[in-house]
Amino acid sequence: MPNVLVINAGSSSIKYQLIDPLAEHRLASGVIERIGEDRGALRHRSGDDEIERALRIADHRAGFAALTEAFADAGLPLDRLDVAVVGHRVVQGGSEFLAPTLVDDTVAARIAALSELAPLHNPGHHQAIVAARAAFPGVPHVAVFDTAFHQSMPESAYTYAIDTATARAHGVRRYGFHGISHEVVSRRAARLLGRPVRELRQVVLHLGNGASVCAVDRGRSIDTSMGMTPLEGLVMGTRSGDIDPGALLHLSRAGIDADALDELLNKRSGLLGLAGSNDMRDVRAAALGGDPAARLALSVYVRRIRHYLGAYLLELGGADAVVFTAGVGENNAWLRGEVCAELGWFGIEIDPSRNDDPADGARIISSDDSRVAVLVVPTDEEAEIARQSWALVSAPR
Ligand SMILES: Nc1ncnc2c1ncn2[C@@H]1O[C@H](COP(=O)(O)OP(=O)(O)O)[C@@H](O)[C@H]1O
Ligand SMILES: CC(=O)OP(=O)(O)O
Ligand SMILES: [Mg+2]
């Protein structure tokens with residue numbers, strides 16, 4: 001039975017799954033966390049086997065080695081995984097990668113070269129791709145891009161209003177990210193509503209460590225909150241989201257150079273910068289304990305989400321569904337309630353008991369009277385990467 005090994009290398013983690021694409025069945029999965037820190041961790045599950053271990057993982061190459069060891073320790077050495085294709089999530093594909101792409105040396109080098117436009121992500125993708133190609137030399141590797149789903153955005157949505165010649169010379173434009181998630185979530189939301197995705201206008205709120213909103217018009221992205229890099233838009237775990245570019249000029253003139261600004265905006269801002277932790281659970285607990293910094297952080301976080309929700313309701317000319325997904329969106333009922341508070345005028349009304357129900361799985365949390373359906377739909381980037389990778393290599397040529 002041919003399987004797809006999916007590698008989702010994040011900024012500080014590698015999530016992976018082994019999937020039987022014909023049965024759409026997950027055979028094994030795992031996550032390696034806190035790569036580059038002293039206290040790394042691996043969790044692996046295949047069949048009834050569960051492995052959990054603490055270990056220091058220097059980089060994504062070492063992370064991939066830990067993954068192969070976990071499979072071997074669970075009685076499945078690499079040559080018994082029946083891997084027919086390896087699918088890789090790649091956050092930034094720029095203007096050149098518009099669809100899933102077979103990885104050769106040139107493609108791998110281009111993914112590395114796009115690192116400046118996704119500094120937290122593409123370097124790790126490249127390391128994982130190099131390690132995986134060495135471990136699985138005989139099978140095709142497919143890169144699936146977060147940016148591809150947003151290629152349908154109109155020019156007016158992806159253009160920044162700066163001097164055109166300068167923008168062209170430096171490739172300055174919006175791309176949008178989390179496209180794999182926005183695509184699979186909007187399709188699964190349509191399935192839950194029992195309607196074809198091509199009939200629905202949806203606002204998808206992907207609220208994880210990285211976070212973005214997407215206006216999905218009949219299955220196509222028409223606008224999204226992330227821009228040229230995954231830094232624009234919402235307040236995130238460690239990223240600022242929107243900020244007046246004038247503030248950056250001010251900081252730069254005060255002597256903070258580009259690398260320091262990069263580090264500030266990508267790694268020391270967002271919830272971490274405002275409240276001391278990038279984990280929503282910590283910030284919420286601190287706010288409940290009365291910590292004013294945590295309370296302010298949550299207010300800024302919620303206000304920014306509502307700002308984009310309002311904008312995209314207008315862009316879509318109304319919506320059929322508002323969909324929450326990713327770590328925060330799937331698990332934090334309080335946050336969902338705040339985002340949807342007092343939106344009755346817009347036809348959005350949450351049912352508090354449905355919202356508070358800790359069930360997992362895709363579910364409707366709006367009241368029966370709500371004109372707009374409000375949904376929680378778990379994201380499954382790995383399943384979508386497996387689907388797209390398998391489709392590419394199994395398509396008749
Ligand atoms: N049970 C939970 N309750 C509230 N928040 C949660 C829960 N589980 C995860 N989160 C939040 O989800 C975020 C991570 O989301 P995730 O989608 O896994 O991010 P990423 O894929 O970008 O690493 C963290 O901020 C964490 O606080
Ligand atoms: C694009 C992006 O921000 O991804 P993640 O949420 O996995 O960090
Ligand atoms: Mg993520």
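This report concerns the structure included in the present document. Keep in mind that what you see is a predicted model, and the values were worked out from it rather than measured. Within any chain, residue numbers begin from 1 and follow the written order of that chain's sequence. Labels follow written order: the first chain is A, the first ligand is 1, and so on. Local features in this predicted model are restricted to residues whose pLDDT is 70 or higher, and side-chain atom pairs enter the listing and the counts only when it is 80 or higher, whereas totals over whole chains, interfaces and linings include all residues. Values shown for side chains rest on all heavy atoms present in the structure; no hydrogens or waters enter the calculation.

## Quick word on the pattern of salt bridges
Whenever Lys or Arg places a side-chain nitrogen within 4 Å of a carboxyl oxygen from Asp or Glu, that contact is recorded as a salt bridge. Using the criterion set out here, one finds 23 salt bridges in the structure. R218 is the salt-bridge partner of D217, the closest N and O atoms lying 2.5 Å from each other. Among the ionic pairs, E384 bridges to R387, the shortest N-O distance being 2.8 Å. With E384 and R387 both in helix α15 (residues 381-394) and 3 residues apart, the pair spans about one turn of that helix. Salt bridges here are not isolated pairs; linked through shared partners, they connect E183, R187, E384 and R387. By definition, any uninterrupted DSSP run of H or I lasting at least four residues is a helix, any uninterrupted run of E lasting at least two residues is a strand, and each is numbered from the N terminus.

## Focus on the packing of aromatic side chains
In this scheme Phe, Tyr and Trp rings, the latter by its six-membered ring, pair at centre separations within 6.5 Å, and the angle between planes marks the pair as stacked below 30 degrees, edge-to-face above 60, and tilted otherwise. What the rule picks out here adds up to 4 aromatic pairs. The interplanar angle of 65° and the centroid separation of 5.8 Å between the aromatic rings of Y308 and Y312 together place this pair among those described as edge-to-face. Highlighted residues: Y308 and Y312, both in helix α11 (residues 292-316), separated by 4 residues, approximately one helical turn. By the burial criterion, Y308 is buried, and Y312 matches it. Just above the ring of Y158 sits the side chain of R173; from NZ or CZ to the centre is 4.0 Å. To sort residues, take the accessible area from a 1.4 Å probe on protein chains only and compare it with the maximum for the residue type: under 20% means buried, over 50% means exposed, and anything in between is partly exposed. Here, a charge over a ring is recorded when the distance from Lys NZ or Arg CZ to the ring centre is within 6 Å and its angle to the ring normal is within 35 degrees.

## Observations regarding the side chain of H88
Along the polypeptide, H88 turns up in strand β6 (residues 83-90). What makes H88 buried here is its relative accessible area of 2%. Within 3.5 Å is the distance limit for a polar contact, defined as a pair of N or O atoms, with the added protein rule that one can donate a hydrogen and the other accept it, and that residues adjacent in sequence qualify only through two side-chain atoms. There is a polar contact of 3.0 Å between the side chain of H88 and the side chain of H141. Every residue pair with non-hydrogen atoms within 4.5 Å of one another is taken to be in contact. When residues no more than four places from it in sequence are discounted, the contact partners of H88 are I7, A128, I129, A132, H141, V142, A143, V144 and I385.

## Brief notes about the sheet that holds strand β9 (residues 201-207)
A pair of strands counts as paired when DSSP detects no fewer than two bridges linking them. Judged by pairing direction, the sheet is mixed, and its 6 strands sit side by side in the order β11-β10-β9-β12-β14-β13 without closing on themselves. Two strands lie at the open edges of the sheet, namely β11 (220-224) and β13 (363-364), each paired on one side alone. Throughout, an axis means a line fitted to C-alpha atoms (over the contacting stretch in the case of helices), and angles, computed between N-to-C directions, take values from 0 to 180 degrees. Helix-sheet contacts for helix α6 (residues 179-193) involve β9, β10 (211-217), β11, β12 (321-325), β13 and β14 (373-376), and the interaxial angle to β9 is about 125°.

## Comments concerning the pairing of β11
With 4 of its 5 residues buried, β11 lies for the most part within the structure. Relative to β11, β10 runs antiparallel, the two sharing 4 bridges. Looking at the pairing, A215 lines up with D223 of β11. The turn linking β10 back onto β11 is made up of 2 residues, and R218 within it adopts a positive phi angle of 55°.

## Some points on the packing of helix α2 (residues 105-113) against helix α3 (residues 122-135)
It is at 8 Å that the axes of α2 and α3 come closest, and there the two elements cross at 155°. Here α2 is positioned roughly antiparallel relative to α3, judged by the angle of their axes. Along its contact with α2, which presents D105, A108, I111 and A112, the element α3 presents N122, H125, H126, I129 and R133. Each residue gets one of three labels, nonpolar for Ala, Val, Leu, Ile, Met, Phe, Trp, Tyr, Cys and Pro, charged for Asp, Glu, Lys and Arg, and polar for the others, Gly among them. Its residues assigned to classes, the contact of α2 with α3 shows 4 nonpolar, 3 polar and 2 charged. Comment on the angle field: the value is read as roughly parallel under 35 degrees, roughly antiparallel over 145, roughly perpendicular from 65 to 115, and oblique elsewhere.

## Some thoughts on the packing of helix α10 (residues 280-288) against α11
Relative orientation of the contacting elements α10 and α11 amounts to 120°, with a least axis distance of 8 Å. In terms of orientation, α10 and α11 fall into the oblique class. The way α10 lies across α11 gives a crossing that is left-handed. Across from M280, V283, R284, A286 and A287 in α10, the residues of α11 making contact are A294, R295, A297, L298 and Y301. A breakdown of the residues in the contact of α10 with α11 according to their chemical character gives 8 nonpolar, no polar and 2 charged. Put simply, a crossing is left-handed when the front helix is turned counterclockwise from the back one by less than a right angle, and right-handed when it is turned clockwise.

## Re the site of ligand 2
Every residue lining ligand 2 is accounted for by R89, V91, H121, D146, F177, H178, G210, M226, P230 and R239. In the environment of ligand 2, an oxygen atom lies 2.8 Å from a nitrogen or oxygen atom belonging to the side chain of H178. G210 is positioned with one of its backbone polar atoms (N or O) 3.4 Å from an oxygen atom of ligand 2. Expressed as a share of its isolated accessible area of 260 Å², the protein-covered part of ligand 2 is 88%. The residue inventory of the shell around ligand 2, partitioned by class, reads 4 nonpolar, 3 polar and 3 charged. For the shell around ligand 2, the two domains that each supply at least three residues are domain 1 (3-145) and domain 2 (196-381). Here, proximity means that at least one heavy atom of the residue falls within 4 Å of the molecule or strand. The accessible surface values rely on the Shrake-Rupley method and a 1.4 Å probe; as for residues, cover is taken only from the protein chains in view. Residue ranges assigned to the domains are those given by an automatic or database domain assignment.

## Here we look at helix α1 (residues 60-73)
The end-to-end C-alpha distance of α1, which contains 14 residues, comes to 20 Å, matching closely the 20 Å that a straight helix rising 1.5 Å per residue would cover. Restricting attention to buried positions, one finds in α1 the residues H60, G63, F64, A66, L67, T68, A70 and F71. The inward-facing, buried residues of α1 contact β1 (3-9), β2 (14-20), β3 (25-33), β4 (41-46), β5 (49-54) and α3. The N-terminus of α1 is capped by D59, whose side-chain oxygen sits 3.3 Å from the backbone nitrogen of R61. Backbone geometry just downstream of α1 places G75 in the positive-phi region, at approximately 85°. Given a helix with a known number of residues, its expected span is that number minus one, times 1.5 Å.

## Examining unusual backbone geometry
At A326, a residue that is not glycine, the phi angle is positive and equals roughly 75°. Examined against the element boundaries, A326 turns out to sit in helix α12 (residues 326-331). Residue E342 is not a glycine yet carries a positive backbone phi of 55°. Its location among the elements puts E342 in the loop between α13 (333-339) and α14 (352-356). Judged by its relative accessible area of 79%, E342 is exposed.

## What to know about the nonpolar core
Grouped together as the largest cluster of nonpolar side chains are 57 residues, with contacts concentrated most on L205, L207 and Y301. Here this core gets 11 residues from one element, more than from any other, and that element is α11. Both domains that meet at this core, namely domain 1 (3-145) and domain 2 (196-381), each give it at least three residues. Filtering out sequence-adjacent residues up to four positions away, L205 remains in contact with S212, V213, I305, V322, V323, F324, T325 and V339. One finds A28, I35, I51 and F71 within the second-largest nonpolar core, a separate group that totals 26 residues. Think of a nonpolar core as a cluster: buried Ala, Val, Leu, Ile, Met, Phe, Trp, Tyr and Cys residues, connected wherever their side-chain atoms sit within 4.5 Å.

Distances and angles like these do not, on their own, reveal function.
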